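Coordinate analysis (summary)
The chain contents come next:
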Amino acid sequence: MFGTLSYNKQKTIIIVSFLLIPLLLLATFTYYPAIKLVYYSFTNWDGYSPEKPWVGLDNYREVFSNPDIFKVFTHNFAYFVMGIVQNIVAIYFAVVLSSRLRGKNAFRIMLFLPYIMNGVAVAFMFGYVFDTTNGSLNLFLDNIGLHHLAQTSWLGTEGLVNYSLASTGFWRFMGYNMVIYIASLQAIPKDIYEAAKIDGAGSFQTLWRITLPNMKPVIQLNLFLTVTGALEVFDLPFVLTKGGPAGASQTYVQKVVETAFAFNNYGLASAMSIILLFFVVIVLLVQQLVLNRGGDK
Amino acid sequence: MAHNKFRFVDFIKYFTLLIGVFVVLFPPYVVIVNAFKSTDEFNSSSSMALPKSFLNFDNFTAVFQRGGLLSGFGNVLVIIIITLTLNILFGTMVAYVLGRFSFKLKPVVFGAYLVATIIPSITTQVATFGIIKNMGLYNTLGAPIVLYIGADVIQIILYLQFIRNIPFDLDESAMVEGASLFKIYRSIIFPLLTPATATLVILKTISIYNDMYIPYLYMPKQSLGVVTTILMRFQGVNSGEWNLICAAILLILLPTVILYFFLQRYIFEGVTSGAVK
């Protein structure tokens with residue numbers, strides 16, 4: 001097509017033309033909305049009227065002074081707790097499935113299965129499992145003799161609902177973490193283990209001194225995903241409980257979406273989004289700091 | 001002694017793995033057995049009992065007729081095909097430029113993709129919504145398509161790993177023969193990226209198929225339902241009729257589960273390559 005042009009000219013043409021549309025997409029649907037969001041957060045725009053009255057820092061003041069808004073973070077806490085447990089279980093299964101074992105491929109395939117399942121379908125599936133009167137979880141508990149637990153209203157009890165929902169997240173994503181941990185275990189050179197064996201290290205010592213330290217970067221990545229995932233939970237409670245009972249399972253992002261699209265308070269919702277973004281950046285920075293202090297990377 | 005100890009460790013391993021598999025399979029099992037029960041049978045039998053017959057497809061027909069699931073599959077298929085064609089094109093183009101040329105703004109371009117991942121996309125929809133409306137894409141299949149086609153950083157990293165493994169000699173010998181850089185992209189780089197493309201096609205198909213929020217927000221129109229939004233509507237209308245909902249859940253889970261069992265190698269590759277690097 002432009003075979004006659006010098007390669008230097010071609011290079012410029014290719015760089016510009018190949019990046020033009022992709023960067024335009026990135027700018028239009030990621031960075032422009034983010035900038036708009038910052039602007040909206042200083043207004044009390046209702047989402048449709050042409051004027052966007054400037055209110056300065058009022059929205060931010062509202063977020064920090066209205067206890068109803070920050071209170072929902074206590075609901076997100078359940079996802080954080082379950083996320084930590086999820087990572088521990090995932091590391092355990094990754095170590096088990098990296099040892100000599102029959103049928104480990106089949107086990108890996110089964111444990112990863114929930115990750116590829118449709119989130120809405122999974123939410124309703126658990127809606128049925130958790131159902132108080134017809135639900136199979138209570139029936140199962142009754143069958144194995146835990147009669148006193150079998151009357152539990154898993155999604156209707158205030159202190160419990162977030163843990164029930166978070167355990168659904170655990171069910172869906174444990175396999176994902178596990179597969180990533182398995183890959184990081186495979187990347188550890190085998191001769192380190194042989195050397196350790198020659199030096200007479202026991203299997204627990206090997207795990208503690210060699211395996212886990214070598215997995216550190218991946219563990220930190222997964223922890224970052226866990227923490228930000230917990231901050232940004234949305235679809236499960238949105239689909240399954242609509243935030244109920246009486247708002248007990250409403251998460252922060254759900255509150256943002258509701259503030260914008262149900263209450264038409266785009267200004268406040270934007271300020272809430274910016275604060276969320278701010279938290280994500282803080283988590284990232286804290287982790288980088290810890291990672292760098294840890295030394296070896 | 002040592003022998004017995006190893007046996008015990010193995011027992012613990014298998015025991016915990018079996019508990020894991022049981023926990024994974026218990027909810028789908030419940031959905032499967034109840035999807036085949038008539039309403040009478042559902043009300044009279046235990047929710048964990050097997051159905052009288054696995055040949056009772058009444059619930060499934062009802063889901064297709066009442067729920068309009070077929071149009072949902074159709075819509076999501078159209079979205080997936082158009083999105084993936086453009087996304088793979090753009091993804092390989094960006095990766096070719098970043099992988100083969102050095103220029104001043106290269107770190108900025110890569111950084112822009114990297115930073116984009118920390119912006120919580122659900123909350124920025126507050127601002128994206130207005131953009132989509134102004135473009136006239138609200139309530140059209142165009143809305144999810146333009147939002148999905150952009151390349152993401154994982155995709156670019158995956159492609160860059162592959163490009164690094166394509167020897168530069170290939171480019172050079174093509175240049176000696178007088179091939180243009182565009183021709184090198186089209187007939188050397190793009191074809192040699194096929195394994196990565198295959199992995200990405202599978203992963204992105206699954207993630208678009210499973211996405212709920214974007215179709216929910218941008219395509220509320222009845223005729224534009226995709227599988228997730230149709231399932232939500234269906235559950236709303238038929239709430240309490242769990243045997244019907246179980247059939248709907250099963251129908252929606254089936255395509256990705258089948259895809260997974262046949263193509264799991266690619267899926268594992270894609271999931272791990274982005275994260276471990």
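Sequence positions are assigned chain by chain, starting from 1 and proceeding in written order. Throughout, the order in which chains and ligands are written sets their labels, letters from A for the former and numbers from 1 for the latter. The predicted origin of the model limits local features to residues at a pLDDT of at least 70 and limits the giving and counting of side-chain atom pairs to 80 or more, whereas totals for whole chains, interfaces and linings rest on all residues. The basis for every side-chain value is the complete set of non-hydrogen atoms in the structure, without hydrogens or water.

The next thing to look at is the UniProt feature "transmembrane region" (unreviewed entry) in chain B. Residues and elements named next belong to chain B. According to UniProt, the feature "transmembrane region" (unreviewed entry) maps to residues 12-36, 76-98, 110-132, 144-163, 184-209 and 242-263 in the numbering used here. Where helices and strands are cited, they refer to DSSP runs of H or I of at least four residues and of E of at least two residues respectively, numbered from the N terminus. In this annotation, residues 12-36 is assigned 96% helix and 0% strand; the end-to-end C-alpha distance for the span is 36 Å. Summarising residues 144-163: 85% helix, 0% strand, and an end-to-end C-alpha distance of 29 Å. UniProt positions are given in the numbering used here, feature names are shortened, and annotations may be inferred rather than shown by experiment.

To continue, consider the UniProt feature "transmembrane region" (unreviewed entry) in chain A. Residue and element names in this part refer to chain A. The feature "transmembrane region" (unreviewed entry), as annotated in UniProt, sits at residues 12-32, 77-97, 109-130 and 266-291 in this numbering. In the segment residues 12-32, helix accounts for 100% and strand for 0%; the C-alpha atoms at its two ends are 26 Å apart. The span residues 77-97 carries 100% helix and 0% strand; its end-to-end C-alpha distance comes to 30 Å.

For the rest of this paragraph, the subject is the nonpolar core. Ranked by size, the top nonpolar core spans 185 residues in total, and within it Leu-111, Phe-112, Met-178 and Tyr-252 of chain A together with Tyr-96 of chain B carry the most contacts. When residues of this core are assigned to their parent elements, the largest contribution, 16 residues, is made by helix H14 (residues 242-276) of chain B. Between two residues, a contact is recorded if the distance between any of their heavy atoms is within 4.5 Å. Met-178 of chain A has contacts with Ala-90, Phe-93, Ala-94, Leu-97, Arg-108 and Leu-111 of chain A, leaving out every residue within four places of it along the chain. Throughout, nonpolar core names a set of buried Ala, Val, Leu, Ile, Met, Phe, Trp, Tyr and Cys residues whose side chains join them through atoms within 4.5 Å. Relative accessibility thresholds used throughout: buried, under 20% of the residue-type maximum; exposed, over 50%; partly exposed, between the two (1.4 Å probe, protein chains only).

It is worth spelling out the UniProt feature "domain: ABC transmembrane type-1" (unreviewed entry) in chain A at this point. UniProt's entry tags residues 76-287 of chain A with the feature "domain: ABC transmembrane type-1" (unreviewed entry), counted in the numbering of this structure. A distance of 20 Å separates the end C-alpha atoms of residues 76-287 of chain A, which is 73% helix and 0% strand.

Bringing the domain arrangement of chain B into the picture now. All names here are of chain B. Delimitation of the domains relies on an automatic or database domain assignment. Assigned domains within chain B: domain 1 (2-44) and domain 2 (65-276). Here domain 1 packs against domain 2, burying approximately 620 Å² in sum over the two surfaces, 76% of which is carbon and sulfur. If you sort the residues of domain 1 by the area they bury against domain 2, Val-31, Ala-35 and Phe-42 come out on top, with a joint share of 62%. By definition here, a salt bridge exists when the distance from a side-chain nitrogen of Lys or Arg to a carboxyl oxygen of Asp or Glu is within 4 Å. Our count for the contact surface shared by domain 1 and domain 2 stands at 0 salt bridges. Think of a polar contact as two N or O atoms within 3.5 Å of one another; within protein, one of them needs to be a possible hydrogen donor and the other a possible acceptor, and neighboring residues in sequence only count if both atoms come from side chains. One can count 2 residue pairs in polar contact (both at pLDDT 80 or more) joining domain 1 with domain 2. For the side of domain 1 that touches domain 2, the elements supplying multiple residues, two or more each, are helix H1 (2-35) and helix H2 (39-44). Broken down by element, the side of domain 1 that touches domain 2 gets its largest block of residues, 4 residues, from H1. In terms of residue class, the side of domain 1 that touches domain 2 is built from 5 nonpolar, 3 polar and 1 charged. Joining two parts hides part of their accessible area as seen by a 1.4 Å probe, and the buried area is that hidden amount summed over both. Just so you know the grouping, Ala, Val, Leu, Ile, Met, Phe, Trp, Tyr, Cys and Pro go in nonpolar, Asp, Glu, Lys and Arg go in charged, and all remaining residues, Gly too, go in polar.

Moving on, we get to the interface of chain A and chain B. Contacts between the two partners involve 89 residues from chain A and, on the opposite side, 89 residues from chain B. A combined buried area of about 7,800 Å² lies between chain A and chain B, and 83% of that area is made up of carbon and sulfur atoms. Joining chain A to chain B, the criterion identifies 18 residue pairs in polar contact (both at pLDDT 80 or more). Here the side of chain A that touches chain B gets 23 residues from one element, more than from any other, and that element is helix H1 (residues 7-40) of chain A. When its residues are assigned to classes, the side of chain A that touches chain B shows 66 nonpolar, 16 polar and 7 charged.

Time to look at the packing of aromatic side chains. For Phe, Tyr and Trp, where Trp contributes only its six-membered ring, two rings pair if their centres lie within 6.5 Å, and the inter-plane angle classes them as stacked under 30 degrees, edge-to-face over 60, or tilted in between. The full count for this structure, using the stated rule, is 50 aromatic pairs over all chains. Between Phe-42 of chain A and Trp-54 of chain A, the ring centres sit 5.4 Å apart and the planes meet at 25 degrees, which makes this aromatic pair stacked. Of this pair, Phe-42 of chain A sits in the loop between H1 and helix H2 (58-65) while Trp-54 of chain A sits in the loop between H1 and H2; the two residues are 12 residues apart in sequence, bridging distant segments of the chain. When its relative accessible area of 58% is taken as the criterion, Trp-54 of chain A is described as exposed. A centroid spacing of 4.7 Å and a plane angle of 25 degrees characterise the contact between Tyr-115 of chain A and Tyr-176 of chain A, whose relative ring orientation is stacked. Here Tyr-115 of chain A, found in the loop between helix H5 (104-112) and helix H6 (119-130), pairs with Tyr-176 of chain A, found in helix H8 (residues 161-186); they are 61 residues apart in sequence, far enough to count as distant. The aromatic ring of Phe-268 of chain B is capped on one face by Arg-108 of chain A, whose charged end is 4.0 Å from the ring centroid. Note on criteria: charge over ring means Lys NZ or Arg CZ within 6 Å of the ring centre, with the direction from the centre no more than 35 degrees off the ring normal.

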